[in-house]
Amino acid sequence: MKSAPRADDVLRRIVAEVDAEELGAYGIHVLIGDDTAAHRWRSDDRVNLYSVSKGVSALAAGIAVDEGILSLDSRAVDVLQVARPGVDAEKVTLQHLLTMTSGIDFEWFGDHPVTWPDLAVEMLSRPSNDGGRAFQYSDASTYVAMRMLGAVVGDVRDWLMPRLFTPLGIHNPQWHRCPRGWIVGGSGLELRTEELSRIGRVLRDRGAGFVSAEWIERMHSDWLPSGADGDYAAYGFATWKGPGRCWRLDGRYGQYVVIDDAADAVVTITAHEESRDHRLAEIAAGALFTASA
């Protein structure tokens, strides 16, 4: 029986390829079983995780569902008490928002200005077309999902402190906020590479007691077509399918949590790679597959 690959062997493969291709990685953390290895190209400062933040928002939603605070069928306009929803927007649920299938044409991202009095109300005041099937990737969907949670629990980051961050040893994380003071949700969470690796372990370990195993399974099993190709063709609850047998959280400029269930492994990456960021995920997945083949 072939033994499990060593974390430092996988790390060496990744570092060698990143250096050879001169990719702009900040740090990499490899976890295989309980074996860990890490490498840094610069100090381990907290950085914007961009869309990897969506994965933490999805964990928050899962904890809320487990606690009975919300359900996947909770309607956004009800929870947020939107007085004049757009046509069919009353059908939009938490599940639609987490999977980017609200059917509302509202493409907004965390680095865009907010030119409306209330971003959530603005989105839900627009019509929903083909809700539950039409995919549009946008930070606005995750933002509204976290506004739903915030309407019930108050500040979502503060609510998550005793439920996720503090038990993981993540002290006082900051999350970018909208003009009304709510977390952006779909972007803007700032963590170090090693701190993010603790979130990766929760995902790999089927919730690790923080959220139900069923929720983690659902995050990366009910794949929906995005209309794109390759590793961006299938989306779950804040997750993407691929590369290869892996699944991942994926953020701008090369922020990644790449989970390989077959190898009991997770590779966490922070970076600022402007032109070939997806190569970092491909290299990580390839190193895990090669080492365990």
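Above this text sits the structure in question.
These figures come from a predicted structure and were not determined experimentally.

### Thoughts on the pairing of strand β1 (residues 25-32)
- Taking burial as the measure, the 8 residues of β1 include 8 buried ones, the bulk of the element.
- Where β1 and strand β11 (residues 265-271) come together, 7 bridges link them in antiparallel fashion. Directly across from H29, in β11, lies its bridge partner T268.
- With 6 bridges connecting them, β1 and strand β2 (residues 35-40) associate as antiparallel partners. Its bridge partner lying in β2, L31 is registered against T36.
- Hairpin remark: β1 followed by β2, antiparallel, with 2 residues in the connecting loop; positive phi at G33, about 60°.

### Considering helix α7 (residues 156-165)
- In terms of residue burial, α7 counts as a mostly covered element, since 7 of its 10 residues are buried.
- Those residues of α7 that sit buried are V156, R157, W159, L160, M161, L164 and F165.
- Next to the buried residues of α7 lie α2 (53-66), α6 (139-153), β4 (174-175), β5 (189-191) and α8 (193-204).
- The backbone nitrogen of R157 has a side-chain oxygen 3.2 Å away, supplied by the residue at the start of α7, namely D155.

### Quick word on helix α1 (residues 7-21)
- Between the first and last C-alpha of α1 there are 21 Å, a value that for 15 residues agrees with the 21 Å anticipated at 1.5 Å per step.
- For α1, the full list of buried residues reads A7, V10, L11, I14, V15 and V18. Viewed along the axis of α1, the buried residues span an arc of 130°, placing them on a single side of the element. In α1, the exposed residues that point more than 90 degrees away from the buried face are R12 and A20.
- Next to the buried residues of α1 lie β1, β2, β11 and α10 (278-292).

### Here we look at the packing of aromatic side chains
- This structure, assessed with the given rule, holds 11 aromatic pairs.
- The interplanar angle of 65° and the centroid separation of 5.4 Å between the aromatic rings of F135 and Y235 together place this pair among those described as edge-to-face. In this pair, F135 is assigned in the loop between α5 (119-124) and α6 and Y235 in strand β7 (residues 234-235), connecting sequence segments 100 residues apart. Here the two residues F135 and Y235 agree in accessibility, since each one is buried.
- Seen in terms of ring centroids, Y232 and W240 are 5.2 Å apart; in terms of plane orientation they differ by 70°. Their pairing is edge-to-face.

### Looking at unusual backbone geometry
- Here the residue pair G242 and P243 is connected by a cis peptide bond, since its omega of 0° sits within 30 degrees of zero.
- Notably, D88 is not glycine yet its phi reads approximately 65°, a positive angle.
- The topology assignment puts D88 in the loop between α3 (76-79) and α4 (94-98).
- For D88, a relative accessible area of 29% corresponds to the partly exposed category.
- For N172, which is not a glycine, the phi torsion comes out positive at approximately 50°.
- Relative to the helices and strands, N172 resides in the loop between α7 and β4.
- A relative accessible area of 37% places N172 in the partly exposed class.

### Topic: the nonpolar core
- In terms of nonpolar packing, the biggest core is built from 71 residues, with L59, V144, L160, F165, I199 and L203 touching the most fellow members.
- For L160, the residues in contact, after removing those within four places along its chain, are V56, A60, I63, F165 and W175.
- Grouped together as the second largest cluster of nonpolar side chains are 28 residues, V15, Y256, I269 and A291 included.

### What about empty space enclosed by the protein?
- Enumeration according to the criterion identifies 1 cavity of 30 Å³ or more in this entry.
- A volume near 40 Å³ is recorded for the largest cavity.
- In this structure, the largest cavity is lined by K54, S57, A58, L97, L98, M100, T142, Y235 and A238.
- For the lining of the largest cavity, the elements supplying multiple residues, two or more each, are α2 and α4.
- Here the lining of the largest cavity takes 3 residues from α2, the largest share from any one element.
- Looking at the lining of the largest cavity residue by residue, the classes come out as 6 nonpolar, 2 polar and 1 charged.

### Comments concerning the packing of α2 against α7
- One way to put it is that α2 packs onto α7 with a least axis distance of 11 Å and a crossing angle of 80°. Taken together, α2 and α7 sit at an angle that is classed as roughly perpendicular. Across the interface between the two elements, V56, L59, A60, I63 and A64 of α2 pack against V156, W159, L160, R163, L164 and F165 of α7.

What counts as what
- Residues numbered from 1 in each chain as written.
- Predicted model: local features only at pLDDT ≥ 70, side-chain atom pairs only at ≥ 80, totals over all residues.
- Heavy atoms only, no water.
- Buried < 20%, exposed > 50% of the residue type's maximum accessible area, 1.4 Å probe, protein only.
- Helix = DSSP H or I, 4+ residues; strand = E, 2+ residues; numbered from the N terminus.
- Pairing = 2+ DSSP bridges.
- Contact = heavy atoms within 4.5 Å.
- Polar contact = N/O pair within 3.5 Å; in protein donor to acceptor, adjacent residues only side chain to side chain.
- Expected span 1.5 Å × (residues − 1).
- Arc of directions from axis to C-beta.
- Phe/Tyr/Trp six-rings, centres within 6.5 Å; stacked < 30°, edge-to-face > 60°.
- Core = buried A, V, L, I, M, F, W, Y, C linked by side-chain atoms within 4.5 Å.
- 1 Å grid on protein atoms, 1.4 Å probe; cavity = no way out; pocket = protein on both sides within 12 Å on 5 of 7 lines; lining within 4 Å.
- Points joined across faces, edges and corners; volume = space filled by probe spheres on them.
- Nonpolar A, V, L, I, M, F, W, Y, C, P; charged D, E, K, R; others polar.
- Axes fitted to C-alpha atoms, helices over the stretch in contact; angles between N-to-C directions.
- Parallel < 35°, antiparallel > 145°, perpendicular 65-115°, else oblique.

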